[in-house]
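# Report on the structure
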Amino acid sequence: MPLASAARLLSRNLRNPLVLHVAMALVGTALVILAVAPMTSLLVMRSLRHDGEVRSQLIFNSVKDQVAASLAVAGDSHLLPFLERLTEDEQLLALGFCRNGTLEYATKAMPKGITCANVVRTTGNSFIMAYDAGHRLLVGAFPMTAGPTRGHLVILHDLTFAEERVSRARAYAALAVIVGIAGVGLLALASVLAVLRLWSQSLRTAIADTRRGLEPIPQLAHVIPMPPAMRSLLREFRAERPEGDGLQIQWSPQTLRRLLEERLPGTEVIAVSNREPYIHNHVDGSVALQIPASGLVAALEPVMRACGGKWIAHGSGSADRETVDGRDCIRVPPSNPAYVLRRIWLTEEEQVGYYYGFANEGLWPLCHIAFVRPTFRHEDWQQYVAINRRFANAVIEEASRPDPIVLVHDYHFALLPRMVRERLPNATILAFWHIPWPNSETFSICPWREEIINGLLGSTILGFHTQFHCNNFLEGTDRFVESRIDREHSSVTVGGRETMIRPYPISIEWPPSALAAQAPVAECRSAVSWRLGLPPAARIVVGIERFDYTKGILDRMHAIDHLLAHRPFWKGRIVLVQAAAPTRSKLSAYGALQMEAEQLARNINARHGSDGYRPIVLVARHHEPDEVYELFRAADACIVSSLHDGMNLVAKEFVAARDDERGVLILSTFAGASRELSEALMVNPYDTQAMAGQLERALVMPEAEQRERMRLMRDLLRVRNVYRWAGQMLLDAARLRSQQRIAESLAAVERGQTRGLQPVPLGRAASRAG
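So, on to the overall build of the chain. Along its length, the chain carries 25 helices and 23 strands. Counting all 770 residues of the chain, 55% fall into the buried class. Partitioning the contacts of the chain with sequence separation of at least 6, the portion at a separation of at least 24 is 73%. Carbon together with sulfur atoms contributes 54% to the accessible area of the chain, which is approximately 33,100 Å² in total.

Now the structure itself:
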């Protein structure tokens, strides 16, 4: 009979050891999958819910004071827009405020099924899972008091993505089990059974540890030989962890220090830049301290004060050599030393070739669309390579451990990341390009384009101000360098080493230290008007820049000229105070710009001025931060008319200076800051008539509108300050370091496999771990 024949055939085949092993492996595989899948689902869902609860608590802690203030003073006119902005986070669905059993100030996406009755009564100060229209929601209610008002802030996170994560986790877990057990099935029966048992345990533990951001437990390397599929699975889980770590945190120096202590304990931080944060010069027979006019210094110096470490920079001051120790180092800031500044000395010839030549006659005009022809000379390139090598050697000398975090800043050191990588392969190198990155067609002008890109790809992470500049870099890399580009995760792999390409919009410290000693706004205005001889009733527009052809100084002067010519009403009623620090005076383009600006100011003053009135007051000297903030506070408007800029922190500093919530920011659309400060009046600096129109609009803007725009921009800068900028890079560095340790652990397992290592019995592994 067919059934009897089938039974006999099965009986004969089962006596074959190979068939028996395969059959048992298949059965074991099915059993392990059935055991692992529910556990994986439970662990992943529990982890996602825990993340949601932590995020909810962080959001509540960050916003409760502002919510309470809005409830006590302004009501929903300011509270509801604030809550709506918070919901821009893709996982944060809605927020609302329950008072007396009624849901008030609910954001637009608040589900109708969520009411105070079923949320507040059930949760109090805890969490529940809810469903609305097939969506899984995590609902948290937090009691708070705002004066006489008592209620609960309700925070909803959308966990719909959790089902997809759980399904994916089950699929990957099943795949890993199948691949692993297929190899184990070729061993003897006893080995198969032992490895199946240990595999189930290791898989659950590894997934749970990876979800929590931990390494796999060390003894697993001796017990379980993980195949490449398992390594890919762990990387996939880690890659899918939410990118928004710390987005709702109120970043501060204390937060940054805590981040280093918790996520990067014992880490050594070394920063590299051309410009030093403190310059010592001989002035009138004594040594004077000067803080340079630099956006890089304004951003990086507070970070180094918070992190400590060492800052390597060019010693450019006339008294710099007299103030350092035997190792060319000095502790700074002078009033409260927090980190070490090491100065590197350059000869005049080196500075001309490396700094003035290749960096500022070549790369600077190449990267800025200002229609100045870049100049590339072979001797300048040789100096550029040599100085990059000198600074890289200084990094090696200053590093006291093999895996420091090295912060490389700006276009002066495009080659340094690769040079440091060759000497310190375990270093975490964070390079940040502070200026725009051009498209590949423009960048192809550079004769050494491949060397520059390869140098930057020695970094662990390469940062730009905007995603647009990241895209340009990836496009240029794809065109000029043999590499593997992962556009989904925005990374480039060269020579087996991956570099992450990320946007990190730079910002300023909050609150600014220069603001602490400032007088009230009215006093600042009186002082500036008296010192510069301005008409008492004149509206003041300020521009604060270095004399650089990318800043649009001439263009804003032409806009003032156009406004006065076509609207004579403003003669005697508007003054542009242009503070411009001379810079790179050895380059003809910069000297010519300053002379042209001075002549243009004289012409406009002659055309529209009168006794006691100059429509343009040009102050060509360096201004200390206290002076800059005094000008900001005295102004009715600030104009930033950059022709092309990576970010331009002047715009953010003006907003930070106006704690009175007055004043209007006029901002070029070609500055990176325009991507964030959308409440500014946007201008095209090439359109003189339109810029004149925006100037007039700024001067007649009602106070209520000024306050609304300024409040929104200040709220943004309060959250997106320079500590968040640095924190996001350091968080990404911490994640990559953890991934590297996991990869090294798994690589050690694979090396053990190639030597024929056998699985160790669980008892022996446990005893070694103990």
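So much for the structure itself; the text now carries on.
What follows deals with the sheet that holds strand β4 (residues 135-146). Taken in spatial order, the five strands make up an open sheet running β2-β1-β5-β4-β3, and their pairing is antiparallel. If you trace the sheet from one side to the other, it starts and ends with β2 (102-104) and β3 (127-132), each paired once. Across the sheet, the axes of successive neighbouring strands diverge by a mean angle of 35 degrees, strand direction being ignored. In terms of strand pairing, β3 meets β4 through six bridges, oriented antiparallel. For Y131, the partnering residue across the bridge sits in β4 and is R136.

So, on to the state of the cysteines. According to the stated counting rule, one finds one disulfide in the structure shown. A disulfide bridge connects C98 with C116, and the sulfur atoms are separated by 2.0 Å. On the S-S bond that ties C98 to C116, the torsion sits near -95 degrees, and the link is left-handed. Of this pair, C98 sits in strand β1 (residues 92-99) while C116 sits in helix α4 (residues 116-123), and the two are 18 residues apart along the sequence.

Below, the discussion takes up the environment of P148. Mapped onto the fold, P148 is located in the loop between β4 and β5 (149-158). Assessed through its relative accessible area of 83%, P148 is described here as exposed.

With parallel pairing, six strands are arranged side by side in an open sheet as β20-β19-β18-β21-β22-β23. Every interior strand has two partners, whereas the edge strands, β20 (616-619) and β23 (681-683), have only one. Here the strands of the sheet are splayed against their neighbours by 20 degrees on average, with no regard to which way each runs. In terms of strand pairing, strand β21 (residues 637-640) meets strand β22 (residues 664-668) through four bridges, oriented parallel. Each bridged residue has a counterpart across the sheet, and for C638 the counterpart in β22 is L665. Contacting β18 (539-546), β19 (574-581), β20 and β21, helix α18 (residues 553-566) crosses the sheet at an angle of about 170 degrees to β19.

This paragraph deals with helix α16 (residues 467-480). Taking 1.5 Å of rise per residue, the 14 residues of α16 would be expected to cover 20 Å, and the 20 Å separating its terminal C-alpha atoms lies within 8% of that figure. When we look at burial in α16, the residues that qualify are H469, C470, N472, F473, L474, G476, T477 and F480. Elements that come into contact with the buried residues of α16 comprise α14 (440-443), α15 (449-456), β14 (461-464), β15 (484-486), β16 (491-494) and β17 (497-503).

Here we come to the packing of aromatic side chains. When we look at a pair of aromatic rings, we describe it by the centre distance and by the angle of the planes. Enumeration over the complete set of coordinates arrives at 25 aromatic pairs. Look at F432 and W725: their rings are 5.3 Å apart centre to centre, the planes differ by 85 degrees, and that puts the pair in the edge-to-face class. Placement of the pair is F432 in strand β13 (residues 428-432) and W725 in helix α24 (residues 722-754), with a sequence separation of 293 residues. F432 gets classed as buried once you look at its relative accessible area, which sits at 2%. An aromatic cluster is present here, built from Y354, F358, F376, W381, Y384, F391, F413 and W448 joined pairwise through their rings. Across from the ring centre of W345, 4.3 Å away, lies the NZ or CZ of R321, which sits over that ring. Its end group placed over the ring of W364, R584 keeps NZ or CZ at 4.4 Å from the ring centre.

At a minimum axis separation of 8 Å, α18 and helix α22 (residues 688-699) run at an interaxial angle of 70 degrees. On the basis of the axis angle, α18 is roughly perpendicular to α22. Each of D555, R556, H558, A559, I560, H562 and L563 in α18 lies in contact with α22, whose residues at this interface are T688, Q689, M691, A692, L695 and E696.

Going from V332 to P333, the amide bond is cis rather than trans, its omega being -5 degrees. Among the structural elements, P333 can be located in the loop between β10 (329-332) and β11 (339-344). Across the junction of W510 and P511, the peptide omega takes the value -10 degrees, indicating a cis bond. Along the chain, P511 falls in the loop between β17 and α17 (521-532). Of note in this structure, D328 is not a glycine but carries a positive phi near 65 degrees. Mapped onto the fold, D328 is located in the loop between β9 (310-314) and β10. Backbone geometry places E661, a non-glycine residue, at a positive phi of 55 degrees. Here E661 lies in the loop between α21 (649-657) and β22.

Orientation of α18 relative to helix α19 (residues 588-608), taken along the N-to-C sense of each, is 10 degrees, at an axis distance of 10 Å. In terms of axis orientation, α18 runs roughly parallel to α19. Of α19, the residues touching α18 (which contributes L554, M557, H558, D561, L564 and A565) are L593, E596, A597, L600, A601, I604, R607 and H608. The residue makeup of the contact of α18 with α19, split by class, is nine nonpolar, two polar and three charged.

What counts, and where the lines are drawn
Residues numbered from 1 in each chain as written. Predicted model: local features only at pLDDT ≥ 70, side-chain atom pairs only at ≥ 80, totals over all residues. Heavy atoms only, no water. Helix = DSSP H or I, 4+ residues; strand = E, 2+ residues; numbered from the N terminus. Buried < 20%, exposed > 50% of the residue type's maximum accessible area, 1.4 Å probe, protein only. Contact = heavy atoms within 4.5 Å. Areas by Shrake-Rupley, 256 points an atom, 1.4 Å probe, with all protein chains shown as cover. Pairing = 2+ DSSP bridges. Axes fitted to C-alpha atoms, helices over the stretch in contact; angles between N-to-C directions. Disulfide = S-S within 2.5 Å. Expected span 1.5 Å × (residues − 1). Phe/Tyr/Trp six-rings, centres within 6.5 Å; stacked < 30°, edge-to-face > 60°. Lys NZ or Arg CZ within 6 Å of the ring centre and 35° of its normal. Parallel < 35°, antiparallel > 145°, perpendicular 65-115°, else oblique. Nonpolar A, V, L, I, M, F, W, Y, C, P; charged D, E, K, R; others polar.

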